[in-house]
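# Commentary on secondary and tertiary structure
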Amino acid sequence: MRAALAAAVLVALAATGCSASQEQASGPVEITLWHGQEDNSAKSIEKLVGQFNQSHPDIKVRTESGGATADGMLPKITAALTSDTYPDIAYLYGSWAPNIARNPKTADLSELVKDPAVGWTDFWANEREAVTVQGKVIGFPAVVDNMVVLYNKKLLAKAGVQAPGPDWTWDDFRSMAKRTTDPKAGVFGTTWAISGGEEAVWGLWPMVWQAGGDILSSDHKKAVFNSAAGQQALTLLRNMTIDDKSVYLDSSPAEKGQKLFESGRLGLFLSGPWVLPDLQAAKVDYGVARLPGTNGNHETVSGPDNWVVFQHDERRVKAAATFLGWLTSAQQQLVWMTDTGSLPIRESITKLPGYQHYLKKYPGIEVVSANLADAKRVRPATTRYPRVSSFMADAIAQTLLGRTDPKTALDQAAAKSDAALAVPGS
């Protein structure tokens, strides 16, 4: 498979005039990867890159964090693309693809992925969609995930609360969080980010979708999240935070809420599979449940992320594609998944012998994997989404801090979003 993929890359790029003999004559190709990963994920990518460098002497991959976590990678890359300091590959959220695809320094791998050796159709459909903008394939799928609720079994039992069932509701969620909260012990029912990033926003979108609302109009020209569905969602969070006092407001960019859950001081935690290795290391007795539902709808949010390739010269684009073809192969992905708790990005991974070991290592991961069926929509594919998200994040923060009411906050965020969406080229 590895040899076939390398051959496919050479054929696909032959038209550019970059031949194998030319590359060999000029020595190993050096490329830079900005991964934006932390903790176990950073260790795993470093390990895999080391293995690739040993087995591919003609290519040298150099890894850097990019000077940012995944949450802060878009502004970092945007600034770097104005000069020659940008990397060959960067880890970017799928919702940012429209922003980055229009930059002429973003490579187009559309012809490469047509080759059967790449196994493009082995990736899930929503991943292929997330990495393709108006027919331009800008990289390879990196991660697919979805939001679930993690719960501390001991805290729930201590509070006399039964574990979430498959048909639980947001009213159940509120009740469980309130009953689990113990101010004297420093225990909260749940947490919500108010740090201004996407982590403050993406947990609210499923609540809006479940209630029949949406983020933007179908033509992406108007914000519609300030509908009755949006007000219902934000009002629930406001009531939990201000009335019940069951929500820990996390203003830390480092997301302190996860540390509270790891230390046994958080009952319910909206998150995803990426935190499972940390929970295992902290020896948390946790369970996993799908999101609470509204009228039987348990729709969640999924965040397919991408390894995006940037154009320096054809030799480096070819090397980047070769590396990503290797990194995203089923065998290497199973290593990444086992290290990080990430979900399979290829269907074929689930058929590998080691997949059963992966399932046993992460109790509850089968719930997260099955929950992909509840991920029915993606965040709007518009270059203005990051601005819309930032306006919404501020609306959430102002509401949960008690500085305004949900309707006023949402209406103001919608007005700002409409102004941003009206800018030509959005």
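Scope of this entry: the structure provided in the associated data block.

Conventions we followed
Residues numbered from 1 in each chain as written. Predicted model: local features only at pLDDT ≥ 70, side-chain atom pairs only at ≥ 80, totals over all residues. Heavy atoms only, no water. Pairing = 2+ DSSP bridges. Helix = DSSP H or I, 4+ residues; strand = E, 2+ residues; numbered from the N terminus. Axes fitted to C-alpha atoms, helices over the stretch in contact; angles between N-to-C directions. Contact = heavy atoms within 4.5 Å. Left-handed = near helix turned anticlockwise from the far one by under 90°. Nonpolar A, V, L, I, M, F, W, Y, C, P; charged D, E, K, R; others polar. Buried < 20%, exposed > 50% of the residue type's maximum accessible area, 1.4 Å probe, protein only. Right-handed = clockwise from strand over helix to strand, strands pointing away.

## Overview of the sheet that holds strand β10 (residues 268-271)
- One open sheet accounts for three strands, arranged β10-β7-β11; its pairing is antiparallel. Where the open sheet ends on each side, the last strands, each with one partner, are β10 and β11 (286-289). On average, adjacent strands in this sheet sit at an angle of 30 degrees to one another, irrespective of strand direction.
- Pairing geometry for strand β7 (residues 148-152) and β11, over four bridges, is antiparallel. Following the sheet pairing, N152 is matched in β11 by Y286.
- Running over the sheet, helix α8 (residues 170-180) touches β7 and β10 and is turned about 130 degrees from β10.

## Thoughts on the packing of helix α10 (residues 228-243) against helix α17 (residues 385-400)
- For the pair α10 and α17, interaxial distance at closest approach is 9 Å and the crossing angle is 35 degrees. Helix-helix and strand crossings are classified by hand; for α10 and α17 the assignment is right-handed. For the pair α10 and α17, the contacting residues are L234, L237, R238, T241 and I242 in the first and A395, I396, T399 and L400 in the second.
- Grouping the amino acids of the contact of α10 with α17 by side-chain chemistry returns six nonpolar, two polar and one charged.

## What to know about the pairing of strand β2 (residues 59-64)
- Alternating positions in β2 separate cleanly, I59, V61 and T63 being buried on one face and K60, R62 and E64 remaining unburied on the opposite face.
- Two strands pair when backbone bridges link them, and strand β1 (residues 29-34) and β2 are joined in this way by six bridges, in the parallel orientation. Looking across to β2, one finds that V29 is bridged to I59.
- With respect to chirality, the unit in which β1 leads through helix α3 (residues 39-55) into the neighbouring parallel β2 is right-handed.

## So, the environment of A185
- Secondary-structure assignment places A185 in the loop between α8 and β8 (190-193).
- As a C-alpha pair, A185 and K222 span 37 residues in sequence and 45 Å in three-dimensional space.

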